[in-house]
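# Summary of structural features
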Amino acid sequence: MKFTTLIENTAISPDLTAEHGLSLFLETDRCKLLFDAGQSGAFADNAAKLGIDLKTADHAILSHGHYDHGGGMTRFLERNRRAKLYVSRHAFGDYCNGTQKYIGLDHRLRDSARVVLTGDSHTIAPGITLQSCNDLVRPVPTDPFGLTERVGQFFLPDDFRHEQYLLVNEGDRRILFSGCSHKGILNILSWFRPDVLVGGFHFKDLDPEGEQLRRCGEALATFDTIFYTGHCTGQSQFDRLKPILGDKLRAISTGMTIEI
């Protein structure tokens with residue numbers, strides 16, 4: 001299979017738009033999928049420049065209920081008139097950042113007849129599943145880094161039950177796509193044991209020179225996994241992890257097409 005990065009924080013060419021967000025176009029031997037859509041419609045403009053026809057997508061996946069992953073989904077539904085959009089049933093909560101600013105989805109998206117609200121596990125196609133892992137123990141405590149959910153008048157720490165992961169089985173390989181890994185990248189690795197993981201680590205709020213990031217890097221190195229990462233991982237944090245993980249850690253950027 002292969003994937004093309006339609007939106008990420010950086011771009012390989014000034015002709016392409018970069019923004020704080022993530023959007024990937026996946027091509028497997030069974031179907032084509034859009035995984036997230038960034039915060040605006042820029043992913044669609046990039047797709048056109050890269051020769052990718054969004055109308056060919058058979059399915060669309062939203063990894064979690066934050067604007068920088070779902071803000072462009074309305075544009076996708078306008079461009080593609082047939083694909084279903086798979087969204088966690090928890091994704092339309094009132095999610096906020098550390099300043100109590102709303103960072104969730106446009107709730108009008110839920111009114112689309114093509115939105116499928118997913119539970120803890122959902123099969124997209126043979127060998128392609130969505131899983132939330134909400135019923136699994138998190139061996140490593142999750143740090144919400146100030147992210148909250150507004151419930152009534154209260155702002156509670158986000159438990160990220162709205163985050164789901166896309167698992168693609170190809171032969172004996174397990175390829176996992178994770179938007180931001182808010183439930184903890186080490187937890188996700190322990191649950192899935194993937195051969196390849198694509199997505200953000202959400203390390204951007206960790207001190208690049210701190211012991212916590214170093215220990216995380218050393219723990220990541222114990223897994224037999226190839227990582228393609230960017231977005232919320234953080235550039236300084238990536239640079240710190242690279243000497244620890246070597247060729248197992250690879251960067252993604254808007255415009256890249258990668259064969260897995």
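These lines cover the structure that appears in this document, whether it is placed above or below. Small disclaimer: the values here were computed from a predicted structure and weren't measured.

### A few points about the nonpolar core
Judged by nonpolar contacts, the single largest core of 25 residues is most densely connected at Leu6, Leu34, Phe43, Leu54, Met73, Phe76 and Leu85. The set of elements that each furnish at least two residues to this core consists of β1 (2–7), α1 (42–49), α3 (73–79) and β5 (84–88). For this core, the element with the most residues is α1, which contributes four residues. With sequence-adjacent residues up to four places away left out, Leu6 is seen in contact with Ser23, Leu24, Phe25, Leu34, Phe43, Asn46, Ala47, Leu50, Ile52, Leu54 and Thr254. Counting residues in each nonpolar core, the second largest holds 24 residues, with Leu33, Phe35, Val168 and Ile175 among its members.

### With respect to the pattern of salt bridges
The final tally for this structure, using the stated rule, is 12 salt bridges. Here Arg161 and Glu149 are joined by a salt bridge, their closest N and O atoms 3.0 Å apart. Of the two residues, Arg161 is situated in the loop between β11 (154–157) and β12 (165–170) and Glu149 in strand β10 (residues 148–151); the sequence distance between them amounts to 12 residues. Overall, the relative accessible area of 11% leaves Glu149 in the buried class. Salt-bridge contacts for Glu211 lead to Arg214; the nearest nitrogen and oxygen are separated by 2.3 Å. A residue pair is termed a helical-turn pair when its members lie 3 or 4 positions apart in one helix, as Glu211 and Arg214 do in helix α5 (residues 211–220) at three residues. For Glu211, a relative accessible area of 42% corresponds to the partly exposed category. Judged by relative accessible area, which is 25%, Arg214 ranks as partly exposed. Beyond isolated ion pairs, a larger network of salt bridges with shared partners links Asp29, Arg30, Glu170 and Arg173.

### Some details on unusual backbone geometry
We note that Phe160 has phi near 60°; this positive angle belongs to a residue other than glycine. Mapped onto the elements of the fold, Phe160 is located in the loop between β11 and β12. Look at Ser181: it is not a glycine, yet its phi comes out positive at around 55°. Take Ser181: it is sitting in the loop between β13 (173–178) and α4 (185–192).

Reading guide: rules and limits
- Residues numbered from 1 in each chain as written.
- Predicted model: local features only at pLDDT ≥ 70, side-chain atom pairs only at ≥ 80, totals over all residues.
- Heavy atoms only, no water.
- Core = buried A, V, L, I, M, F, W, Y, C linked by side-chain atoms within 4.5 Å.
- Buried < 20%, exposed > 50% of the residue type's maximum accessible area, 1.4 Å probe, protein only.
- Helix = DSSP H or I, 4+ residues; strand = E, 2+ residues; numbered from the N terminus.
- Contact = heavy atoms within 4.5 Å.
- Salt bridge = Lys/Arg side-chain N within 4 Å of Asp/Glu carboxyl O.

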